[in-house]
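# A closer look at the structure
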Amino acid sequence: MNISKQKPPKSGRRALVTGITGQDGAYLTRRLLELGYEVHGLIRRCSVPNTSRLDRLIPPDSPLRERLCLHFGDLTDSASLLRAVESARPDELYNLAAQSHVRVSFDVPDYTAEVDALGVLRLFEAVRTAGLAEKIRFYQASTSELFGKVAETPQNEKTPFHPRSPYGVAKLFAFWTVLNHREAYGIYAVNGILFNHESPLRGENFITRKITLAAARIALGKQDRLTLGNLDARRDWGHAADYVEGMRLMLTAETPDDYVLASGEDHSVRQFAEIAFEKVGLAIRWEGKGIEEKGIDQKTGRVLISVDPQFFRPAEVDLLRGDAAKARKKLGWTPRYDFRALVDEMVRADLKNESNSP
Ligand code: NAP
Ligand code: F7E
């Protein structure tokens, strides 16, 4: 893979993706490369290689790699952003980089704001300094966490915001930074207000992946029990591959606008766990209430799931369900995965990986 200075051969459109090593970064990069883009990515220096997701979706021997170029940088480092923007001179910029874990944002609120709020401002400054304000199309990874303590259900582009975490508050600053740059400087900038989207590449400490990984490991005898937090929380879960397609479509509209992407269905954490365990052949029966609630293997009576308050949040977002009618109508966005297909793919992938590893 090209790191920094070595430029890939010139092709059609050029994109710069921050957060390229994350779940969405990997799916988006594959899609853009398939469409013939030259893709530049901002990558952090890590003590261990952090390109495993890219490697999984775009194998090292794929010819697509020839149009991929990585630049070391960080959203907390203005000069590195300017260098990446000037070097890539992108037609499209997708800002996906973030400290994206809501629970962790309560532990590192200052850092979360530096990256998720001020980082976006730094990136816009880099775009303006590089003289790209008139030409660039800028996508900002906004989030359903903006709705937080929801004013109505389902939530759409007109629903008022009430964020409930340092993450949500930082993303609110970012949301308005996008609007301000659109209005003040005429930059083509959009907010994708995306509801939860998952995949086999999802980080292992987000609820869906934590569950599918544990279900696979328990079925294979590699783990005894899964401990979770709030089983009642309800989320609108879709597949990352569908959502990155929506991001791309947002930048094809004639005028910049903000869009919700969501499946329109909500499920509880408890339901997600039940279905994931069912898919590895374990039927769960629930007993008890609150922190005493247990998920029990119907066949053996063994406790497979329990509650641990360490996973509760100081302020919870109880229910998110989105209405993506605007994106469907104006962008023609049509997700291919439904809820069961998503859980199925995630469980299968974890079963396969875990069967092949010690
Ligand atoms: P993710 O898997 O956690 O990836 C986050 C990416 O940001 C990683 O590449 C990470 O790099 C990078 N990053 C973190 N801090 C950085 C910094 N200081 N400078 C530069 N890069 C940094 O997140 P995701 O699920 O793909 O989500 C992508 C974006 O969409 C995020 O902004 C997230 O907040 C937002 N979002 C996600 C969802 C969802 O359900 N997935 C929904 C709505 C919005 P490392 O690999 O080095 O850690
Ligand atoms: O939690 C509950 C938890 O961490 C979902 C990010 O991508 O989506 C994501 O944020 C729910 C919450 O995602 C555990 O309390 C119960 O109610 O998977 P999550 P999130 O907080 O919804 C939004 C849209 C983003 O923008 C974010 O970047 O599950 N829950 N027990 C748990 N959650 C975790 N992580 N771990 C548990 O043990």
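Below, the discussion takes up the site of ligand 1. Taken together, 27 residues lie near ligand 1, and Thr21, Arg44, Asp74, Ser100 and Tyr167 sit nearest. In this structure, an oxygen atom belonging to ligand 1 sits 3.3 Å away from a side-chain N or O atom of Asn50. In this structure, Leu96 approaches ligand 1 through a main-chain N or O atom, which is 2.9 Å from an oxygen atom. In isolation ligand 1 offers 910 Å² of accessible surface; the protein chains occlude 90% of this area. Mapped by element, the contributors of at least two residues to the shell around ligand 1 are helix H1 (23-34), helix H5 (109-129), strand S6 (137-143) and helix H6 (166-185).

Here the focus is the sheet that holds strand S14 (residues 284-287). Across the sheet, four strands lie side by side as S9-S16-S15-S14; this open sheet has mixed pairing. Strand pairing shows two members of the sheet lacking a second neighbour, strand S9 (226-228) and S14, which therefore form its edges. Direction aside, neighbouring strands of the sheet carry axes that sit 20° apart on average. In terms of strand pairing, S9 meets strand S16 (residues 303-307) through three bridges, oriented parallel. Opposite Thr227, over in S16, you have Ser306 as the bridge partner.

On the surface, Leu118, Leu121 and Phe173 cluster together to form a nonpolar patch covering roughly 210 Å² of accessible area. Structurally, the position occupied by Phe173 is in helix H6. Given a relative accessible area of 35%, Phe173 falls into the partly exposed group.

What follows is about the pattern of salt bridges. Summed over all chains, the structure comprises 25 salt bridges. For Asp344, the salt bridge goes to Arg348, with nearest N and O atoms at 3.0 Å. One end of the pair is Asp344 and the other is Arg348, both in helix H11 (residues 339-355) and four residues apart, which spans about a single turn. The class of Asp344 is partly exposed, set by a relative accessible area of 24%. Accessibility expressed as a relative area gives 57% for Arg348, which makes it exposed.

All right, on to the site of ligand 2 then. Taken together, 23 residues are adjacent to ligand 2, and Ser100, Thr143, Tyr167, Arg313 and Glu316 come closest. Asn196 places a polar side-chain atom, nitrogen or oxygen, 2.8 Å from an oxygen atom of ligand 2. At a separation of 2.5 Å, an oxygen atom of ligand 2 approaches a polar side-chain atom of Arg313. Protein chains shield 95% of the accessible area of ligand 2, which is 690 Å² for the free molecule. Residue composition of the shell around ligand 2, by class: nine nonpolar, eight polar and six charged.

Bringing H6 into the picture now. Over its 20 residues, H6 extends 28 Å from the first C-alpha to the last, a length consistent with the 28 Å expected when each residue adds 1.5 Å. Inspection of H6 places Tyr167, Gly168, Ala170, Lys171, Ala174, Phe175, Thr177, Val178, Leu179, His181 and Arg182 among the buried residues, and these make up the whole buried set. Buried positions along H6 lie against helix H4 (102-107), H5, S6 and strand S7 (188-194). Downstream of H6 by a residue or two, Gly186 has a phi angle that is positive, lying close to 70°.

Taken as a whole and judged by the stated rule, the model has ten aromatic pairs. Centroid distance Trp237 to Phe272: 5.2 Å. Interplanar angle 65°. Geometry classified as edge-to-face. Of this pair, Trp237 sits in the loop between strand S10 (234-235) and strand S11 (238-239) while Phe272 sits in helix H9 (residues 269-279); the two residues are 35 residues apart in sequence, bridging distant segments of the chain. Measuring from ring centre to ring centre gives 6.2 Å for Trp237 and Phe339, while their planes differ by 25°; the resulting arrangement is stacked. Separated by 102 residues along the polypeptide, Trp237 in the loop between S10 and S11 and Phe339 in helix H11 bring together distant segments of the chain. Given the relative accessible area of 6%, Phe339 is considered buried. Taking the ring centre of Tyr185 as reference, the NZ or CZ of Arg128 above it sits at 3.9 Å.

The subject of this paragraph is the side chain of Gln140. Tracing the chain through its elements places Gln140 in strand S6. Residue Gln140 is classed as buried on the basis of its relative accessible area, which comes to 1%. Every residue in contact with Gln140, bar those within four places of it in the chain, is listed here: Asn95, Val120, Lys171, Ala174, Val178, Val190, Asn191 and Gly192.

Let us now look at the state of the cysteines. Scanning the model with the defined rule gives zero disulfides in all. Of all cysteine sulfurs in the structure, the one in Cys69 sits closest to Cys46, which takes part in no disulfide; the separation is 18 Å. The exposure class of Cys69 is buried, given its relative accessible area of 0%.

On to the nonpolar core, then. Counting 50 residues, the largest nonpolar core has Tyr94 and Tyr139 as the members making the most contacts within it. If one sorts the elements of this core by residue count, helix H8 (residues 240-250) sits on top with seven residues. Contacts of Tyr139, omitting those with residues within four sequence positions, involve Leu93, Tyr94, Asn95, Leu96, Val190, Gly192, Leu194, Met247, Met250 and Leu251. In terms of nonpolar packing, the next biggest core, distinct from the first, is built from 26 residues, Ile211, Ile218, Trp237 and Phe277 among them.

Rules of the game
Residues numbered from 1 in each chain as written. Chains lettered and ligands numbered in written order. Predicted model: local features only at pLDDT ≥ 70, side-chain atom pairs only at ≥ 80, totals over all residues. Heavy atoms only, no water. Near = heavy atom within 4 Å. Polar contact = N/O pair within 3.5 Å; in protein donor to acceptor, adjacent residues only side chain to side chain. Areas by Shrake-Rupley, 256 points an atom, 1.4 Å probe, with all protein chains shown as cover. Helix = DSSP H or I, 4+ residues; strand = E, 2+ residues; numbered from the N terminus. Pairing = 2+ DSSP bridges. Axes fitted to C-alpha atoms, helices over the stretch in contact; angles between N-to-C directions. Patch = residues over 30% accessible without salt bridge, like charges linked within 9 Å, V, L, I, M, F, W, Y side chains within 5 Å. Salt bridge = Lys/Arg side-chain N within 4 Å of Asp/Glu carboxyl O. Buried < 20%, exposed > 50% of the residue type's maximum accessible area, 1.4 Å probe, protein only. Nonpolar A, V, L, I, M, F, W, Y, C, P; charged D, E, K, R; others polar. Expected span 1.5 Å × (residues − 1). Contact = heavy atoms within 4.5 Å. Phe/Tyr/Trp six-rings, centres within 6.5 Å; stacked < 30°, edge-to-face > 60°. Lys NZ or Arg CZ within 6 Å of the ring centre and 35° of its normal. Disulfide = S-S within 2.5 Å. Core = buried A, V, L, I, M, F, W, Y, C linked by side-chain atoms within 4.5 Å.

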